[in-house]
Amino acid sequence: MRDIIFTFYGYAVFFYSMALMASYIALMWLALYSLHKRFNSLRNLPYVRRLLKESPYTPGVSIVAPAYNEAETVVTDVLSFLDQDYPCFEVVIVNDGSKDDTLKNLIEHFSLVKVPYIYVERIVAKPFRALYRSTKPEYGRLTVVDKENGGTKADAVNAGLNVAMYPYFVNTDVDCILSPDAIYNCIRPVLEQKHVIAVSGVMTMSNGCTVHEGHIVKRAAPWSPLPLFQIGEYMRSFLLGKMGWSAINAMNNVSGGYGLFDKHVAIAAGGYGGTSFAEDMDMLIRMVGYCCDTGRPYRVVQIADTCCYTEGPPNLKQIIRQRVRWGRGLLQTFSQHYHMMFRRKYRQLGMLTLPYTFVFELLAPVIELVGFITFIYLILIHAVNWTTAVVIFALVFIFGLLLSIVVILYDYLVGGSYDTRWSYLRQFIASIFEPFLYHPLIVCCSLKGYWNYLSGKKAVWGEMKRKGAKEQK
Amino acid sequence: MHDVYFTWWDSLRYYYYYFEHAYAEYAFVVQVSYFMSVFSVVSIFVMFLIMLSIWERRSRHKRYRRKYAKYHEPRFEQVLNAPTKLTQAECHDLVQRRPTERLKKWQYREQLGLITDIYERLRQEKTTEEVRRVFYCNVRVLIAYLGIDVYMEDLLREGVRADRLYIMQVTQQFHLKVAESTLSRLYDCKIAALRKTVRIYYMWMSREDPFRFLEEGYDNDFVLIDTLMIHHVFAMRRGAGKPLPPLLPYAESCTDENLRATMICEVGWWSSDEEVHEVKRYFNSSNELCRASAFSTVGQRRYVPLEGELIKAFSQQTEDLRRVVLRSVAAIGSGKAIDFFEKVACQTSSDTTRRCALYCLWHYGPAGKAAFEQLRAADTPERQQVYEYIQMMSPTHAATYHGMRMQASLQQ
């Protein structure tokens, strides 16, 4: 009986792995197709830039960024927001009840004054306190919203949306440094295609980069292994996963770090779930759900341009906290939207992406854990066929390496994350060690996140200590 | 005697069979895993090769661009900054191009890229008149002198889709002329983006029947960039003194609502007063976008004779459109709409519309400000914040606010 169970289990895991690999190969090709399309789109950038600058029809964009205890980096980052090379935008910073000097620093540096404001709560958020605007004309695009702490980023973004003026908004974090053409890159799909409701830009880490007055002046890979591993993970997520799904309009997530959304659809879909810990995925699923429910055509696009640099969690403790939160958020999102799965009404999202995410992302840590326990058990009873084990291990490892190389190549092709070849080499070396050092950690964090959610443990967003990027002398 | 029993080819075959049959005796799972591993290794190797070749090519292009820019950039700037139109000989004196054999395509591309960068940088420093009178001519002379125009035509004829699109955009950017025979193959091209760009170019350049493609419509491919390009091409034609046709007939005939709305808006920019007057027929359109465009057009043109019609249409609109009407009436600025704003501010059920009416009143000249103060004095203490807010809106923010509302009404 035991042998039958193990044989059945072995085949189940084998076919699961093969299906996963096949899906990755399909995503590789789809991502390549998306990249090809991108190269075929508006190539003459100065021309399009001038069109946007001179046209009265240029769509306006609000950058909405919540800040919670970000006193260290808030001024630099807001400067990078304000320096966007785009003719029609505003910056809305939401001070989410910070306990440190975030608001004070903003007021002092940007000469803000409190202005009377009629706050219309189109989406529910924690109580609004005040609205600040600058007395200096050069900061005329800046608006700071002060509100009570809502415990989640989603709540803060909702408050920002209630104040935002333009028909499109960018959701980003205040610890992010935006590239000067971030909005411009994201608005291109809106210009070129119909019915675009969300555009996701590539995000990477600012660790290792050199910053001057809120701008990245040199892009290099960090020396520390943890951020390197995370960069590899981001590359895979954006340039392979999202880029691939985007080719068939089946994206299920636009990163909370940087994404452009149609404000009208976002508000109609109810805004961000105020209690959600994966507010980005939750929002997009609800937006797509809203479009499908109302029979409205939609497109969600991933672009290949690096728009945003964020400072990754610098130490193990903070990575663990972040990933536990993500794990919890994933399960929470699924528990809210599982009804969309396998329903034709929800098109690609319901028939393809959500089931895929459920089987290959949500269940993956559980399957890995069960596999690990089974392997230990088989070792103990001397039932492991070592030749088979080595071949399968080699396959998993080499295939993982192949994925990393493909995304590094894609990244290089689009002129992505780094300025030097040595940085790419460092990234490649990191990808050799990632499966042994980083991946197990992420699996454990996800499992802890699931456990926390299922056991009803109270969740807190938590505070992220920032070092601040390396400033150029 | 040289008997060779085991050649390199045999070694290759030996290892091929060795790899092919390794794990042949094992279970299906192992064989598949083994096959996938070998596939992955080969793919990794190929990826490395591709990456190396791209690296090498990019470095070569970058080196060329750097060297080329070092020598030519100041010279190109001289040509583009010349106060008068240059001849080929004068251009030669300034650039002093070394006589070389025919360049490779990528070298032309790099040269064109450099000129594009310099062009955009210098263009910002020049007045519209300078750009029109001298700048475009000298760019054309420079491009012809370097032989890039031939390269561009070649690419338009035989290039891949991306190249052709790029060349068409450069052509529009520099106001270059392209042979009709080259373009005629692209008017009905299957690639929508390219087809539309070529048709826009035709609108700009053709003297024969420039707007015939506008009559044919946009085959439901109309996107926002087309709005931007149409506006740009109309502006260029107007700037060059070329006549524009009446636009409302196009708005009438097209099936795409966005294109129709664009045409109605363009009436406000370029058409005669008589045509602006005709826009009133869209005040009762069943399409909200067209109505919004019509209201905005009247405001944008500050066309006083339709102010009364706008005010009359106010009550039949949705709240969003009512605000568009309010802003248009304010933009007309005849000074006769104070009662209208006051009435709306007092009677509307929507706080947002009320705020908009008060905002319009505040920006409606001294009489409007006085009316605003009167309303403020009569209002309750709880609602004073609205008045204070409107008064404190910084000029930048107020301008943004106004611009945004116009856009929102058009885009949504």
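Residues numbered from 1 in each chain as written. Chains lettered and ligands numbered in written order. Predicted model: local features only at pLDDT ≥ 70, side-chain atom pairs only at ≥ 80, totals over all residues. Heavy atoms only, no water.

(A) Summary view of the overall build of chain B. Of the regular secondary structure elements, chain B holds 22 helices and zero strands. Against the compact-globule benchmark of 22 Å for 412 residues, chain B has a radius of gyration of 32 Å, which places it well outside the compact range. Taken along its principal axes, the extent of the C-alpha atoms in chain B is 120 × 75 × 45 Å. Taken over 412 residues, chain B has a buried fraction of 52%. The long-range fraction of contacts in chain B, counting pairs at least 24 apart against all pairs at least 6 apart in sequence, stands at 66%. (Helix = DSSP H or I, 4+ residues; strand = E, 2+ residues; numbered from the N terminus. Rg over C-alpha atoms; globule rule 2.2 N^0.38 Å. Buried < 20%, exposed > 50% of the residue type's maximum accessible area, 1.4 Å probe, protein only. Contact = heavy atoms within 4.5 Å.)

(B) Looking closely at the pairing of strand β2 (residues 89-96) of chain A. All names here are of chain A. Buried residues dominate β2, accounting for eight of its eight residues. Side chains Phe-89, Val-91, Ile-93 and Asn-95 project from β2 onto one buried face, and the interleaved Glu-90, Val-92, Val-94 and Asp-96 project onto a second face that is buried too. Strand direction decides the pairing type here: strand β1 (residues 61-67) and β2, joined by seven bridges, are parallel. Paired with Ser-62 across the two strands is Glu-90, which belongs to β2. In terms of handedness, the path from β1 via helix α3 (residues 74-82) over to β2 forms a crossover that is right-handed. (Pairing = 2+ DSSP bridges. Right-handed = clockwise from strand over helix to strand, strands pointing away.)

(C) Quick peek at the sheet that holds strand β8 (residues 196-205) of chain A. All names here are of chain A. Read across the sheet, 10 strands follow the order β3-β4-β5-β2-β1-β6-β11-β8-β12-β7 without closing on themselves; strand pairing throughout is mixed. Either end of the sheet is taken by a strand with one partner, and the two such strands are β3 (112-115) and β7 (176-178). Each neighbouring strand pair of the sheet contributes to a mean axis angle of 30 degrees, computed without reference to strand direction. With six bridges connecting them, β2 and strand β5 (residues 142-147) associate as parallel partners. Across the sheet, Val-91 pairs through a bridge with Leu-142, a residue of β5. Where helix α7 (residues 225-247) meets the sheet, its contacts fall on β8 and β12 (299-310), and the angle it forms with β8 comes to roughly 155 degrees. (Axes fitted to C-alpha atoms, helices over the stretch in contact; angles between N-to-C directions.)

(D) A positive patch on the surface, seen in detail. Where like charges cluster on the molecular surface, the positive patch consists of Arg421(A), Lys62(B), Arg63(B), Arg66(B) and Lys67(B). In terms of residue count, the dominant contributor to the positive patch is helix α2 (residues 28-81) of chain B (four residues). Structurally, Lys62(B) can be placed in helix α2. (Patch = residues over 30% accessible without salt bridge, like charges linked within 9 Å, V, L, I, M, F, W, Y side chains within 5 Å. Areas by Shrake-Rupley, 256 points an atom, 1.4 Å probe, with all protein chains shown as cover. Salt bridge = Lys/Arg side-chain N within 4 Å of Asp/Glu carboxyl O. Lys, Arg positive; Asp, Glu negative; His and termini not counted. Charge placed at Lys NZ, Arg CZ, Asp CG, Glu CD.)

(E) Examining the pattern of salt bridges more closely. Evaluation of the coordinates by the stated rule reveals 35 salt bridges over all chains. With its nearest N and O atoms 3.1 Å apart, the salt bridge here joins Glu120(B) to Arg50(A). Here the residue Glu120(B) occupies a position in helix α4 (residues 105-123), and Arg50(A) occupies one in helix α2 (residues 45-54), the pair thus bridging two chains. As far as burial versus exposure is concerned, Glu120(B) and Arg50(A) are alike and both buried. Between Glu278(B) and Arg281(B) there is a salt bridge; the shortest N-O distance is 3.2 Å. Exposure remark for Glu278(B): the relative accessible area of 37% places this residue in the partly exposed category.

(F) A look at helix α7 (residues 161-174) of chain B. Residues and elements named next belong to chain B. The terminal C-alpha atoms of α7 lie 20 Å apart, and with 14 residues this matches the ideal 20 Å at 1.5 Å per residue to within 8%. α7 sits mainly inside the fold: 13 of its 14 residues count as buried. Positive backbone phi, at 55 degrees, marks His-175, one or two positions downstream of α7. (Expected span 1.5 Å × (residues − 1).)

(G) Broad picture of the side chain of Ser59(B). In this fold, Ser59(B) is placed in helix α2. You can call Ser59(B) buried: its relative accessible area is 16%. One polar contact links Ser59(B) to Arg421(A), side chain to side chain, over a distance of 2.6 Å. (Polar contact = N/O pair within 3.5 Å; in protein donor to acceptor, adjacent residues only side chain to side chain.)

(H) View of the packing of helix α11 (residues 347-362) of chain A against helix α12 (residues 364-380) of chain A. Between α11(A) and α12(A), whose axes approach to 5 Å, the crossing angle comes to 35 degrees. Contacts between α11(A) and α12(A) involve Val359(A), Phe360(A), Glu361(A) and Leu362(A) from the first element and Ala364(A), Pro365(A) and Val366(A) from the second.

(I) Spatial organisation of a nonpolar patch on the surface. Residue and element names in this part refer to chain A. Taken together, the side chains of Phe-393, Trp-422, Leu-425, Ile-429, Phe-433, Phe-436 and Leu-437 make up a nonpolar region of the molecular surface, amounting to roughly 770 Å² of accessible area. It is helix α14 (residues 421-437) that contributes the most residues to the nonpolar patch, six residues altogether. Relative to the helices and strands, Trp-422 resides in helix α14. With relative accessibility at 64%, the residue Trp-422 sits in the exposed group.

(J) Broad picture of the packing of aromatic side chains. Scanning all chains against the criterion turns up 45 aromatic pairs over all chains. With centroids separated by 5.5 Å and ring planes inclined at 35 degrees, the aromatic side chains of Phe397(A) and Phe436(A) adopt a geometry described as tilted. Placement of Phe397(A) in helix α13 (residues 386-413) and of Phe436(A) in helix α14 is noted, with a sequence separation of 39 residues between them. Residue classification places Phe436(A) among the partly exposed positions, given a relative accessible area of 44%. Cluster of aromatic residues (ring-pair linked, three or more members): Tyr11(A), Phe14(A), Phe15(A) and Phe28(B). The residue whose ring lies beneath Arg328(A) is Phe277(A), and the NZ or CZ to ring-centre distance is 5.8 Å. (Phe/Tyr/Trp six-rings, centres within 6.5 Å; stacked < 30°, edge-to-face > 60°. Lys NZ or Arg CZ within 6 Å of the ring centre and 35° of its normal.)

(K) Looking closely at the interface of chain A and chain B. With 66 residues of chain A in contact, the opposing surface of chain B contributes 68 residues. In total, chain A and chain B occlude about 6200 Å² of area from one another, counting both sides; carbon and sulfur atoms represent 68% of this. Our enumeration of links across chain A and chain B arrives at three salt bridges. One salt bridge connects Arg123(B) with Glu54(A), and the closest N-O pair in it is separated by 3.4 Å. For the pair chain A and chain B, the number of links is 11 residue pairs in polar contact (both at pLDDT 80 or more). Residue assignment for the side of chain A that touches chain B shows that the elements contributing at least two residues are α1 (2-39), α2, β3, α6 (182-192), α13 and α14 of chain A. (Buried area = accessible area lost by both parts, 1.4 Å probe.)

(L) Representation of the pairing of strand β4 (residues 128-134) of chain A in the model. Residue and element names in this part refer to chain A. Here β4 lies mainly inside the structure; five of its seven residues are buried. Note that β4 and β5 share five bridges and pair antiparallel. Within the sheet, the bridge partner assigned to Ala-130 lies in β5 and is Asp-146.

(M) Spotlight on the environment of Ser417(A). All names here are of chain A. Considering the arrangement of structural elements, one finds Ser-417 in the loop between α13 and α14. Here Ser-417 falls in the buried class, since its relative accessible area comes to 2%. Distance in space between the C-alpha atoms of Ser-417 and Gly-456 is 39 Å, their sequence separation being 39 residues. Beyond its immediate chain neighbours, meaning those up to four positions away, Ser-417 contacts Thr-204, Arg-219, Met-235, Thr-306, Asp-411 and Tyr-424.

(N) Molecular detail of the side chain of Asn452(A). All names here are of chain A. With respect to the element layout, Asn-452 can be found in helix α15 (residues 439-454). Given a relative accessible area of 8%, Asn-452 falls into the buried group. Beyond its immediate sequence surroundings of up to four residues, Asn-452 is in contact with Val-324, Arg-328 and Lys-457.

(O) View of a negative patch on the surface. Residues Glu180(B), Glu208(B), Asp209(B) and Glu215(B) make up a contiguous surface patch of negative charge. By secondary structure assignment, the location of Glu180(B) is in helix α8 (residues 180-184).

(P) Here's a closer look at the environment of Leu306(B). All names here are of chain B. Mapping Leu-306 onto the fold places it in the loop between α15 (288-301) and α16 (307-314). For Leu-306, a relative accessible area of 0% gives the class buried. When residues no more than four places from it in sequence are discounted, the contact partners of Leu-306 are Val-276, His-277, Lys-280, Phe-283 and Val-298.

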